[in-house]
Amino acid sequence: MNETALLKLLENNARMEVCDLAAALNESDAAVQEKMNQLIQDKVILGHHTLINWDKTNTDRVMALIEVNVMPEREYGYDRIAKLIYRYPEVDTMYLMSGKSEFIVIIYGKTMQEVAQFVGSKLACIEKVTGTSTLFVLKKYKSEGIVFEEEEEVRERLLVTP
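Overview of the structure. Since the structure is predicted, the reported quantities are computational estimates derived from the model, not experimental observations. (Residues numbered from 1 in each chain as written. Predicted model: local features only at pLDDT ≥ 70, side-chain atom pairs only at ≥ 80, totals over all residues. Heavy atoms only, no water.)

The subject of this paragraph is the sheet that holds strand β4 (residues 129–136). The four strands lie next to each other as β2-β3-β1-β4, forming an open sheet whose pairing is antiparallel. Across the chains shown, the open sheet's two edge strands, defined by having one partner strand only, are β2 (91–96) and β4. Strand-to-strand twist across the sheet, computed as the mean angle between neighbouring axes with direction ignored, equals 20°. Bridge count for β2 against strand β3 (residues 103–109) is five bridges, and the pairing is antiparallel. Looking at the pairing, T93 lines up with I106 of β3. Contacts from helix α4 (residues 79–86) reach β1 (62–70), β2 and β3 within the one sheet, and its direction differs from that of β2 by about 165°. Each of β1, β2, β3 and β4 is contacted by helix α5 (residues 112–123), which is oriented at about 175° to β4, the strand it contacts most. (Pairing = 2+ DSSP bridges. Helix = DSSP H or I, 4+ residues; strand = E, 2+ residues; numbered from the N terminus. Axes fitted to C-alpha atoms, helices over the stretch in contact; angles between N-to-C directions. Contact = heavy atoms within 4.5 Å.)

Structure (C-alpha coordinates):
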(Lines give C-alpha, C1' and ligand atoms only; values in the text may rest on other atoms or scores of the structure.)
Protein backbone atom coordinates (compact mmCIF):
# COMPACT_ATOMS: atom_id res chain seq x y z
CA MET A 1 0.00 0.00 0.00
CA ASN A 2 1.23 3.49 -0.81
CA GLU A 3 1.45 5.00 2.68
CA THR A 4 2.23 8.51 1.38
CA ALA A 5 -0.86 8.49 -0.85
CA LEU A 6 -3.02 7.40 2.11
CA LEU A 7 -1.59 10.17 4.31
CA LYS A 8 -2.15 12.81 1.61
CA LEU A 9 -5.77 11.73 1.17
CA LEU A 10 -6.36 11.93 4.93
CA GLU A 11 -4.54 15.25 5.18
CA ASN A 12 -6.84 16.74 2.53
CA ASN A 13 -10.02 15.24 4.03
CA ALA A 14 -9.84 13.57 7.43
CA ARG A 15 -13.51 12.60 7.14
CA MET A 16 -13.03 10.29 4.15
CA GLU A 17 -14.64 6.92 4.73
CA VAL A 18 -12.42 3.84 4.75
CA CYS A 19 -14.29 2.46 1.73
CA ASP A 20 -13.56 5.66 -0.24
CA LEU A 21 -9.91 5.58 0.78
CA ALA A 22 -9.70 1.92 -0.26
CA ALA A 23 -11.24 2.70 -3.65
CA ALA A 24 -8.85 5.62 -4.24
CA LEU A 25 -5.85 3.48 -3.30
CA ASN A 26 -7.09 0.32 -5.04
CA GLU A 27 -6.84 -1.61 -1.77
CA SER A 28 -9.27 -3.54 0.43
CA ASP A 29 -11.15 -1.82 3.25
CA ALA A 30 -9.46 -4.14 5.77
CA ALA A 31 -5.97 -3.33 4.47
CA VAL A 32 -6.61 0.43 4.66
CA GLN A 33 -8.07 0.18 8.17
CA GLU A 34 -5.14 -1.94 9.32
CA LYS A 35 -2.65 0.54 7.85
CA MET A 36 -4.45 3.49 9.49
CA ASN A 37 -4.42 1.71 12.86
CA GLN A 38 -0.70 1.08 12.48
CA LEU A 39 -0.04 4.72 11.56
CA ILE A 40 -1.97 5.83 14.65
CA GLN A 41 -0.06 3.39 16.85
CA ASP A 42 3.26 4.60 15.37
CA LYS A 43 2.20 8.22 16.05
CA VAL A 44 2.40 9.13 12.38
CA ILE A 45 -1.28 10.12 12.50
CA LEU A 46 -1.63 12.30 15.59
CA GLY A 47 -5.17 13.59 15.28
CA HIS A 48 -8.02 14.65 13.04
CA HIS A 49 -8.73 18.36 12.84
CA THR A 50 -11.33 20.69 11.42
CA LEU A 51 -10.23 24.04 10.03
CA ILE A 52 -12.61 26.74 11.29
CA ASN A 53 -12.88 30.36 10.22
CA TRP A 54 -13.41 31.82 13.71
CA ASP A 55 -13.95 35.28 12.23
CA LYS A 56 -17.31 34.04 10.90
CA THR A 57 -18.45 32.97 14.38
CA ASN A 58 -19.55 34.99 17.37
CA THR A 59 -16.46 33.95 19.33
CA ASP A 60 -13.82 36.23 20.81
CA ARG A 61 -10.51 34.74 19.76
CA VAL A 62 -7.09 36.28 19.34
CA MET A 63 -4.15 34.44 17.79
CA ALA A 64 -0.60 35.41 18.67
CA LEU A 65 2.77 34.25 17.42
CA ILE A 66 5.39 34.75 20.09
CA GLU A 67 9.06 34.77 19.21
CA VAL A 68 10.96 33.38 22.18
CA ASN A 69 14.69 33.82 22.68
CA VAL A 70 16.36 31.36 25.05
CA MET A 71 19.78 30.22 26.20
CA PRO A 72 20.27 26.50 25.47
CA GLU A 73 21.23 24.18 28.31
CA ARG A 74 24.38 22.10 28.38
CA GLU A 75 23.57 18.42 27.63
CA TYR A 76 19.93 19.20 26.77
CA GLY A 77 20.10 21.97 24.20
CA TYR A 78 16.61 23.40 23.69
CA ASP A 79 14.53 20.33 24.53
CA ARG A 80 14.01 20.84 28.28
CA ILE A 81 13.16 24.50 27.83
CA ALA A 82 10.74 23.61 25.03
CA LYS A 83 9.05 21.09 27.32
CA LEU A 84 8.57 23.75 30.01
CA ILE A 85 6.88 25.98 27.46
CA TYR A 86 4.73 23.54 25.47
CA ARG A 87 3.25 22.03 28.63
CA TYR A 88 1.27 25.20 29.27
CA PRO A 89 -2.32 24.60 28.14
CA GLU A 90 -2.34 28.03 26.47
CA VAL A 91 0.32 26.87 23.98
CA ASP A 92 -1.31 25.54 20.83
CA THR A 93 1.75 25.09 18.61
CA MET A 94 5.48 25.43 19.12
CA TYR A 95 8.41 25.26 16.71
CA LEU A 96 12.20 25.35 17.09
CA MET A 97 13.37 27.82 14.46
CA SER A 98 16.47 29.00 12.70
CA GLY A 99 16.91 32.74 12.54
CA LYS A 100 16.69 35.50 15.11
CA SER A 101 14.50 33.59 17.63
CA GLU A 102 14.87 30.06 18.87
CA PHE A 103 11.15 29.30 19.24
CA ILE A 104 7.88 30.39 17.72
CA VAL A 105 4.97 29.75 20.08
CA ILE A 106 1.38 30.08 18.85
CA ILE A 107 -1.32 30.72 21.41
CA TYR A 108 -4.98 31.70 21.36
CA GLY A 109 -6.77 33.87 23.87
CA LYS A 110 -10.03 35.75 24.23
CA THR A 111 -8.30 39.14 24.25
CA MET A 112 -4.90 40.67 23.60
CA GLN A 113 -4.67 41.34 27.34
CA GLU A 114 -5.12 37.62 28.08
CA VAL A 115 -2.25 36.80 25.71
CA ALA A 116 -0.09 39.54 27.25
CA GLN A 117 -0.85 38.17 30.72
CA PHE A 118 0.37 34.71 29.67
CA VAL A 119 3.56 36.13 28.18
CA GLY A 120 4.32 38.37 31.15
CA SER A 121 3.39 36.06 34.00
CA LYS A 122 4.34 32.63 32.66
CA LEU A 123 6.49 32.62 29.53
CA ALA A 124 8.90 35.49 30.26
CA CYS A 125 9.48 34.20 33.80
CA ILE A 126 11.08 30.94 32.66
CA GLU A 127 14.73 31.03 33.74
CA LYS A 128 16.40 30.44 30.35
CA VAL A 129 14.05 32.75 28.41
CA THR A 130 16.02 35.88 27.47
CA GLY A 131 13.34 37.73 25.52
CA THR A 132 9.99 37.57 23.78
CA SER A 133 8.27 39.41 20.96
CA THR A 134 4.52 39.03 20.51
CA LEU A 135 2.92 39.35 17.08
CA PHE A 136 -0.89 39.43 16.93
CA VAL A 137 -2.62 37.99 13.89
CA LEU A 138 -5.01 40.62 12.55
CA LYS A 139 -6.55 38.60 9.71
CA LYS A 140 -6.13 35.10 8.31
CA TYR A 141 -6.14 34.84 4.55
CA LYS A 142 -5.04 31.24 4.10
CA SER A 143 -4.29 28.36 6.45
CA GLU A 144 -3.23 24.79 5.70
CA GLY A 145 -3.76 25.42 1.98
CA ILE A 146 -7.31 26.71 2.43
CA VAL A 147 -8.20 30.27 1.40
CA PHE A 148 -10.52 31.79 3.98
CA GLU A 149 -12.22 34.43 1.84
CA GLU A 150 -11.82 35.28 -1.78
CA GLU A 151 -11.45 39.02 -1.97
CA GLU A 152 -13.32 40.78 -4.71
CA GLU A 153 -11.08 41.40 -7.63
CA VAL A 154 -9.79 44.95 -7.57
CA ARG A 155 -10.92 46.63 -10.75
CA GLU A 156 -8.37 48.76 -12.43
CA ARG A 157 -9.48 52.28 -13.11
CA LEU A 158 -9.79 53.29 -16.70
CA LEU A 159 -7.32 55.84 -17.84
CA VAL A 160 -9.14 59.05 -18.66
CA THR A 161 -7.38 61.56 -20.85
CA PRO A 162 -8.49 65.11 -21.42
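On to the packing of helix α1 (residues 3–12) against helix α3 (residues 29–41). Taken N-terminus to C-terminus, the directions of α1 and α3 make an angle of 80°; their axes are 11 Å apart at the nearest point. Judged by the angle between their axes, α1 and α3 are roughly perpendicular. Counting all contacts with α1, which are made through E3, L6, L7 and L10, the residues of α3 involved are V32, K35, M36 and L39. When the residues that make up the contact of α1 with α3 are grouped by side-chain class, the tally is six nonpolar, no polar and two charged. (Parallel < 35°, antiparallel > 145°, perpendicular 65-115°, else oblique. Nonpolar A, V, L, I, M, F, W, Y, C, P; charged D, E, K, R; others polar.)

This part is about the environment of I52. Within the secondary structure, I52 is located in the loop between α3 and β1. Between the alpha carbons of I52 and D79 there is a distance of 31 Å; along the sequence they are 27 residues apart.

Scanning all chains against the criterion turns up two aromatic pairs. Taking 5.5 Å as the distance between ring centres and 85° as the angle between the ring planes, the aromatic pair formed by Y88 and F118 counts as edge-to-face. Taken together, the residues span a long stretch of sequence, with Y88 in the loop between α4 and β2 and F118 in helix α5 at a distance of 30 residues. For Y88, a relative accessible area of 24% translates into the label partly exposed. The ring of Y76 carries R80 above its face, with NZ or CZ at 3.9 Å from the centroid. (Phe/Tyr/Trp six-rings, centres within 6.5 Å; stacked < 30°, edge-to-face > 60°. Buried < 20%, exposed > 50% of the residue type's maximum accessible area, 1.4 Å probe, protein only. Lys NZ or Arg CZ within 6 Å of the ring centre and 35° of its normal.)

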